[in-house]
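Each chain is listed here by its residues.
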Amino acid sequence: MIKKILILLLLIPSLVFAHGGEDHGDAKKEGAKPAAYFSSEAVSDVYELLAKYPPLTPGKEATFKLFVSDFNSNAPVDSVTLQIAVADNPNIKLVVTQIDKGVYEVKGIFPDKKAYNLTVNINSSLGPDLILINNIAVGKELEKEITLVHADTHWYQTTWFFGIAGLLAGLLLMFFVMKKTNRKVAASIIILLCLLPTATYNTASAHGGEDDEAGGKSGGAMSSTFMVEKETQFLFGILTQKIETGDFNQSTQVLGTIIPSSQGRAVIQSPQAGKIVSLKVSVGQKVSSGQVLAVIEQQVDAGTQINILSQRNTVDAEFNAAKAQYDRLKAIEDIAAKKDVTEAKARYETALKNKQLFTANAGRSTGNTKMITLTAPISGVVGAFNYSIGAVVNAGETLFDITNIEKVLVETQVFANDAAQVKSVENITASSNIENDTTTYHLKLISTAQSVNGANQSQKVIFEIINPKSQFKIGENIRVFIFSKDISTQIIVPNDAVAEINGKPAVFVKDKAEQYSISYVNKGTSNGKYTAIIKGVEEGERVVTTGVYQMKTIYLNQ
């Protein structure tokens, strides 16, 4: 009988409560952090004005900040002439003081507790304008932070309390009933009591029909809209640009390598083995064509020395004989044959040239040594070398490397489809890898491909960079953009404006003075400077172009 009772107890149905359609706001209130200041903003086609102020007390001096920025670029406007007056109350005097670029402090006394409107007469390099700032609330207090309200349950109101109390009461009742009656009657009474829907067992609750969207957002979902204070925007240099529909040139991007031009690099080698006795240049020094770089002392053996002396004697003897004959005939030119004088003069001039040539090459040799002078064949910058005075060099050994990067070439690897269009493209440009160098360098086609790479079927095409300004180094890899003549009208944004958020391309759109939103976009083609946007933004919106990384960090940390 006891086993049957226990089985029946296990089969007792739990009480289930269902509810729906109600608002859980009374049970727990989520409180957003209130703003620490009031703000009012006004815009025109040129300027964006933002007034930020703490609670202002009527009848006391009020101080607030006025931020002046370019409406399109969000850049702070400096050296602004401001004349601020209170609409419908010209007796209120406001004093304006500049405290930073684009930031101005306004002081004045507002007598009444109400909202005031300010007329701002502004003039700067962007031009004059008259803007009205509405609702400067005086006497208004900031909202206090909402505390979280929880519906606390006391221990004596819990389901466990009622369950344990009911169990104890049932055991006592069973004990007394079994003493007074027989077991069958007691079992029947216990079963009947357990079936009564008065006890509380394992209460389960379900609900439905209410909207939990707000609660979901407060539980950690990332909003597409976020706030960036104006001070932070000015500090990080956040700049924007208005999206416009423009002409878009489709381009092909290829990789290029900087190589020297035919007159852009020279290698100086030692013609003979010898010892460096003089160095006239240093690493990184600019040299001119013909400038002396070094002097090498050549060691001459005995046989060579005898040969040089013999040649010197022969040259000197011929020179002296030719000179003596010419001088003799010159003295008797009146009676001498003209033919003999002419021949003597030609012989003398030839002997003189031979003597000068011999002296220039071997005349400076003293004893068993000979001096060799190395000069720069081109103008440029001397590269790194590891030689010093006294170093011994071999014949044909490279001593100096001179490079002139005022004129460089670009060797690109293009495929057949792109190579066929190179001759008929609209424009070819390149960009350097130097930070903050935004110059676009134009290229001129020098040579088309004469052969094909068998490994990847690419072709070598050579371009010359027009006016490289020494911004490119030999061996440097750069990006080359080949623009086609096909022009289409599309919504375009600068490449720097597109960020990657969670693996998706996105741009940051400025909605208000301190409010931004993220917009995921579908990108089209890019020409290296601009990207076509298929979907995600509209013409006239302002997107962040400078400080995108900082905006991404602020958004992800919200």
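Residues numbered from 1 in each chain as written. Predicted model: local features only at pLDDT ≥ 70, side-chain atom pairs only at ≥ 80, totals over all residues. Heavy atoms only, no water.

Peer 1: Outline the nonpolar core, supporting the account with residue identities and numerical values.
Peer 2: Core analysis: the biggest nonpolar cluster contains 30 residues, and Leu66, Val68, Phe110, Leu118 and Ile122 have the highest contact counts within it. Elements with a contribution of two residues or more to this core: β2 (38-43), β3 (47-53), β4 (61-70), β5 (81-86), β7 (103-109), β8 (115-123) and β9 (129-137). Residues in contact with leucine 66, not counting those within four places in the same chain, are Leu49, Leu50, Ala51, Leu82, Ile84, Gly102, Val103, Tyr104, Val106 and Ile133. One finds Ala266, Ala294, Ile296 and Leu399 within the second-largest nonpolar core, a separate group that totals 18 residues. (Core = buried A, V, L, I, M, F, W, Y, C linked by side-chain atoms within 4.5 Å. Buried < 20%, exposed > 50% of the residue type's maximum accessible area, 1.4 Å probe, protein only. Helix = DSSP H or I, 4+ residues; strand = E, 2+ residues; numbered from the N terminus. Contact = heavy atoms within 4.5 Å.)

Peer 1: Provide a residue-level description of the confidence of the model for the protein chain, including the pertinent values.
Peer 2: When the pLDDT values of the protein chain are averaged, the result is 79; 74% of them are 70 or greater. Taken together, the stretch residues 5-32 has pLDDT below 50 and engages in 45 contacts with residues farther than four places along the chain or on a different chain. (pLDDT = per-residue confidence, 0-100.)

Peer 1: Go over the pairing of β2 with me, naming the residues and quoting the values.
Peer 2: Residues Phe38, Ser40 and Ala42 line the buried face of β2, whereas the alternating positions Ser39, Glu41 and Val43 sit on a face that is not buried. Bridge analysis of β2 against β3 gives six bridges, and the strand direction is antiparallel. Paired with phenylalanine 38 across the bridge in β3 is tyrosine 53. A loop of three residues connects β2 with β3, the two strands running antiparallel in sequence. (Pairing = 2+ DSSP bridges.)

Peer 1: Tell me about unusual backbone geometry, and please be specific about residues and values.
Peer 2: Glycine aside, residues mostly have negative phi, and peptide bonds are mostly found in the trans state. Although it is not a glycine, asparagine 74 adopts a positive phi angle of roughly 70°. Phi angles above zero are rare outside glycine, and asparagine 502 is one such case at about 55°. With respect to the helices and strands, asparagine 502 occurs in the loop between β27 (499-501) and β28 (504-510).

Peer 1: Quick one: what's the story with the environment of isoleucine 446, residue by residue and with numbers?
Peer 2: Relative to the assigned elements, isoleucine 446 resides in strand β24 (residues 441-447). Residue isoleucine 446 is classed as partly exposed on the basis of its relative accessible area of 43%. Apart from the residues within four sequence positions on either side, isoleucine 446 is in contact with Leu409, Ile462, Phe463 and Glu464.

Peer 1: Describe the packing of aromatic side chains, naming the residues involved and giving the relevant values.
Peer 2: Counting across every chain of the model gives twelve aromatic pairs. Aromatic pair tyrosine 441 and phenylalanine 472: ring centres 5.0 Å apart, planes at 75°, arrangement edge-to-face. On the criterion of sequence distance, the pair formed by tyrosine 441 in strand β24 and phenylalanine 472 in the loop between β25 (459-465) and β26 (477-494) is long-range, its members being 31 residues apart. The burial state of tyrosine 441 is the same as that of phenylalanine 472; both residues are buried. Three or more aromatic residues joined by ring pairs form one cluster here, namely Phe226, Phe508, Tyr516 and Tyr555. Directly above the ring of phenylalanine 319 sits lysine 355, whose terminal nitrogen or CZ lies 5.7 Å from the centroid. The cationic tip of arginine 542 hangs over the ring face of phenylalanine 71; the distance from NZ or CZ to the ring centre is 4.1 Å. (Phe/Tyr/Trp six-rings, centres within 6.5 Å; stacked < 30°, edge-to-face > 60°. Lys NZ or Arg CZ within 6 Å of the ring centre and 35° of its normal.)

Peer 1: Which residues make up helix α9 (residues 548-556), and what values do they have?
Peer 2: Every buried residue belonging to α9 is among Val548, Met551 and Tyr555, and all of these are buried. Within α9, the buried residues cover an arc of 60° as seen down the axis, which keeps them to one side. Where the residues of α9 are buried, they touch β11 (225-227), β27, β28, β29 (515-520) and β32 (542-546). (Arc of directions from axis to C-beta.)

Peer 1: Quick rundown of the pattern of salt bridges? Include the residues and the values.
Peer 2: Tallied over the entire structure, the rule returns 14 salt bridges. With a closest N to O distance of 3.0 Å, glutamate 514 and lysine 52 form a salt bridge. Of this pair, glutamate 514 sits in the loop between β28 and β29 while lysine 52 sits in strand β3; the two residues are 462 residues apart in sequence, bridging distant segments of the chain. Both residues of the pair, glutamate 514 and lysine 52, count as buried. Of the charged contacts, one joins lysine 107 and glutamate 105 as a salt bridge, the two residues approaching to 4.0 Å between their closest N and O atoms. When its relative accessible area of 33% is taken as the criterion, lysine 107 is described as partly exposed. (Salt bridge = Lys/Arg side-chain N within 4 Å of Asp/Glu carboxyl O.)

Peer 1: How would you summarise the sheet that holds strand β6 (residues 95-100) if you had to cite specific residues and measurements?
Peer 2: Pairing is antiparallel in the open sheet, where five strands are placed in the order β2-β3-β4-β7-β6. Strands at the two margins of the open sheet, each flanked by one partner only, are β2 and β6. Averaged over all adjacent pairs, the angle separating strand axes in this sheet is 25°, with direction ignored. Bridge count for β4 against β7 is seven bridges, and the pairing is antiparallel. What sits directly across from leucine 66, in β7, is tyrosine 104. (Axes fitted to C-alpha atoms, helices over the stretch in contact; angles between N-to-C directions.)

Peer 1: Go over the sheet that holds β8 with me, naming the residues and quoting the values.
Peer 2: Spatial strand order, β5-β8-β9: three strands in an open sheet with antiparallel pairing. Every other strand in the sheet has two partners, leaving β5 and β9 as the edge strands with one partner each. Between one strand axis and the next, the sheet turns through 25° on average, direction left out of account. Looking at chain direction, β5 and β8 are connected through six bridges and run antiparallel. Within β8, the residue paired with leucine 82 across the bridge is isoleucine 122.

Peer 1: An account of the pairing of β3 is needed here, citing residue identities and associated values.
Peer 2: Within β3, seven of the seven residues are buried, which leaves it mostly tucked inside the rest of the structure. Of the two faces of β3, both are covered, the one formed by Tyr47, Leu49, Ala51 and Tyr53 as well as the one formed by Glu48, Leu50 and Lys52. Pairing of β3 with β4, which is carried by six bridges, proceeds in the antiparallel orientation. Within β4, the residue paired with glutamate 48 across the bridge is serine 69.

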